[in-house]
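# Analysis of the macromolecular model
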Amino acid sequence: MLSGELARLAGVSVRTLRHYHQIGVLDEPERGANDYRDYDVHDLIRVLRIRRLAALGIPLERMPTILDESDSDTDVLLDDLDAELVGQIAHLTRQREMLGRLRAHRAFPDLPPELAPFQAAMEAAGLSREAARIDRDQALLLAQLAGDEGMAQLARVYEKLTAPEAIGEIAAAMDGFGALEDDSPHDEVAAVVARFGSALQPLIADFVEAVPALDGRAVGALLTSHTDAVLNRAQRQALHLLEEHLADIAQ
């Protein structure tokens, strides 16, 4: 039979047959007088065996041993495959749990799910779109710096930020920051910094505990470094002053 007929009977494409030839799981047959490959029923059976093994998740490069050696230790192979599937199932289960948490809070998919409820609370508090975007960016950076070890502590920080007694002041401070214009006077900038500092002061120790790599000054630097290109002069000045203020509190 020709390659097209073999491919049709086996339920694969001609391109797949060529790939099998290239990696060595299917020998390339002799070409006939018409220069076409001439397959027989044994080739069909081998392709069917390859498909069955692939359906179990066996990598193509491991198939020759199984296909060609009758004494291959398939028990070990099947045990390894089963262990891999257990790991994949656990990974997929965690992914579904994360999707569920993000969906429940209508959060952005790139947000760490542990922080999703607190970001939702920020937006529910009336945070402006621009302030919410900045806060989400900061949350992503802090989560990366905290790592898996510090995520629980970082979530507790955000829980305190969004507590009923704190969230109103936090949201107002962030909106005040967002309202700063390029020519805002220094006293207006100072007022925003003071309000932010007052709201964040009780949380500095928690931040440092959640993200050991950060000291008080580094926390402030984090707030400035990723947004310098999009902030106006007054906002950059406010973040610089806030950095100094947070460093003084942390000492």
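Look a little higher up for the structure.
Predicted, not measured: the structure shown is a model, and the values here were computed from it.

With that settled, consider unusual backbone geometry. The backbone phi angle of D35 is positive, close to 70 degrees, even though this residue is not glycine. Structurally, D35 is set in the loop between helix 2 (14–23) and helix 3 (41–55). The phi dihedral of R106 falls on the positive side, at around 50 degrees, and the residue is not glycine. Checked against the element boundaries, R106 lands in the loop between helix 5 (74–104) and helix 6 (116–124). Taking the relative accessible area as the measure of exposure, R106 reaches 78% and is therefore exposed.

So, on to the environment of A143. Take A143: it is sitting in helix 7 (residues 129–161). Linking A143 and L111, residues 32 residues apart in sequence, is a C-alpha distance of 9.2 Å. Beyond its immediate stretch of four places on either side in the chain, A143 contacts P112, L115, M151 and L154.

Here we come to the pattern of salt bridges. Pairing between side chains of opposite charge can happen when their charged atoms approach one another. Taken as a whole and assessed by the stated rule, the structure comprises four salt bridges. Across the pair R31 and E28 runs a salt bridge whose closest N-O atoms are separated by 3.8 Å. Residue R31 is classed as partly exposed on the basis of its relative accessible area, which comes to 40%. E28 sits in the partly exposed class, given a relative accessible area of 45%.

In this structure, L115, L154, Y158, L161, F177 and F196 are the most contacted members of the largest nonpolar core, which totals 42 residues. If you list the elements that add at least two residues to this core, you get helix 6, helix 7, helix 8 (164–179), helix 9 (186–200) and helix 12 (233–250). The dominant element in this core, judged by the number of residues it contributes, is helix 7, at 13 residues. Excluding residues that lie within four positions of it along the chain, L115 makes contacts with A139, A143, M151, L154, A155 and Y158. Ranked by size, the runner-up nonpolar core spans 20 residues in total, among them V25, L26, V47 and I66.

Looking now at helix 6. Every buried residue of helix 6 is listed here: A116, F118, Q119 and M122. All buried residues of helix 6 project into a common sector of 165 degrees when viewed along the axis, lining one side. G126 sits one or two residues past helix 6 and shows a positive phi near 95 degrees.

What follows is about the packing of aromatic side chains. Throughout the structure, instances matching the rule amount to one aromatic pair. Ring centres 6.4 Å apart and planes at 65 degrees place the aromatic pair F177 and F196 in the edge-to-face group. Taken together, the residues F177 in helix 8 and F196 in helix 9 connect sequence positions 19 residues apart. One exposure class covers both F177 and F196, and it is buried. A cation over a ring is seen here: R136 above F108, with NZ or CZ 3.7 Å from the ring centre.

So, about the side chain of Q235. Locating Q235 in the fold gives a position in helix 12. According to the relative accessible area criterion, Q235 is buried, its value standing at 8%. Polar contacts involving the side chain of Q235 include one to the main-chain carbonyl oxygen of F177, which spans 3.1 Å.

For helix 8, with 16 residues, the first-to-last C-alpha span of 23 Å sits near the 22 Å given by 1.5 Å per residue. When helix 8 is considered as a whole, its buried residues turn out to be I167, I170, A171, A173, M174 and F177. One face of helix 8 carries all of its buried residues, which in axial projection span an arc of 165 degrees. For helix 8, the exposed residues lying more than 90 degrees away from the buried face are P164 and E165.

A contiguous patch of negative charge, built from D73, D75, D79, D80, D82 and E84, is present on the exposed surface. Tracing the backbone through its elements, the reader meets E84 in helix 5. By relative accessible area, which is 41% here, E84 ends up partly exposed.

Procedures and definitions
Residues numbered from 1 in each chain as written. Predicted model: local features only at pLDDT ≥ 70, side-chain atom pairs only at ≥ 80, totals over all residues. Heavy atoms only, no water. Helix = DSSP H or I, 4+ residues; strand = E, 2+ residues; numbered from the N terminus. Buried < 20%, exposed > 50% of the residue type's maximum accessible area, 1.4 Å probe, protein only. Contact = heavy atoms within 4.5 Å. Salt bridge = Lys/Arg side-chain N within 4 Å of Asp/Glu carboxyl O. Core = buried A, V, L, I, M, F, W, Y, C linked by side-chain atoms within 4.5 Å. Arc of directions from axis to C-beta. Phe/Tyr/Trp six-rings, centres within 6.5 Å; stacked < 30°, edge-to-face > 60°. Lys NZ or Arg CZ within 6 Å of the ring centre and 35° of its normal. Polar contact = N/O pair within 3.5 Å; in protein donor to acceptor, adjacent residues only side chain to side chain. Expected span 1.5 Å × (residues − 1). Patch = residues over 30% accessible without salt bridge, like charges linked within 9 Å, V, L, I, M, F, W, Y side chains within 5 Å. Areas by Shrake-Rupley, 256 points an atom, 1.4 Å probe, with all protein chains shown as cover. Lys, Arg positive; Asp, Glu negative; His and termini not counted. Charge placed at Lys NZ, Arg CZ, Asp CG, Glu CD.

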